[in-house]
Amino acid sequence: MNSTQYCFSFYSSSDMALAGILTEAEIAAGLQSCQAADSFDYKTFFVKVGLNSKSKDQLTKVFGILDQDRSGFIEEDELKLFLQNFSASARALTDAETKAFLAAGDTDGDGKIGVDGKTDFIKQ
């Protein structure tokens, strides 16, 4: 499998996994709210896609999708590609957006977001 096939396979499986939790309309609304560089606001995005109203179990599933390397944490490089988990054609977050997002979700200062911190963070 080449890298293009891997990326397509990854995004297809992410899209399908998220489809069981979020509607296409919710995802579209979230992505529409942050199309321009430096326009991403995590609180607005979570509301638009409906993550703030999901159960802890559903949020744990979303965390598993976002944790691309299966380390049990979402690190900065995974956050940079956060929007692409919702649509393969979405933009990457800017460095400033990524750092602000990480700072907001990193409850213990270790430079990554754990599943408990992530689910609590979304519900803010």
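Criteria and thresholds
- Numbers given for residues are sequential positions, taken from 1 along each chain in its written order.
- Per-residue local features of the predicted model are confined to residues with pLDDT of at least 70, and side-chain atom pairs are confined, for both listing and counting, to 80 or more; whole-chain, interface and lining totals are unaffected and use all residues.
- Just so you know, side-chain values use all the structure's heavy atoms and leave hydrogens and water out.
- UniProt positions are given in the numbering used here, feature names are shortened, and annotations may be inferred rather than shown by experiment.
- pLDDT expresses, on a scale from 0 to 100, how confident the predictor is about each individual residue.
- Helix numbers and strand numbers start at the N terminus; a helix is a DSSP run of H or I with at least 4 residues, a strand a run of E with at least 2.
- Between two residues, a contact is recorded if the distance between any of their heavy atoms is within 4.5 Å.

Per an unreviewed UniProt entry, the recorded name for the protein chain is Parvalbumin, and the organism is Podilymbus podiceps. Checking UniProt for the protein chain, the heading Function (unreviewed entry) contains the comment "In muscle, parvalbumin is thought to be involved in relaxation after contraction. It binds two calcium ions." UniProt's Sequence similarities (unreviewed entry) comment on the protein chain is quoted here verbatim: "Belongs to the parvalbumin family."

**Student:** What is the right way to look at the confidence of the model for the protein chain in this model?
**Tutor:** The predicted coordinates should not be examined in detail at positions where pLDDT is low. Confidence in the prediction of the protein chain, expressed as mean pLDDT, is 84, and 81% of residues score 70 or more. Helix α5 (residues 76-80) holds the highest mean pLDDT among the elements of the protein chain, 96, whereas helix α1 (residues 3-19) holds the lowest, 47. This stretch, residues 1-13, has a pLDDT under 50; its non-local contacts, to residues over four places away or in other chains, come to six contacts.

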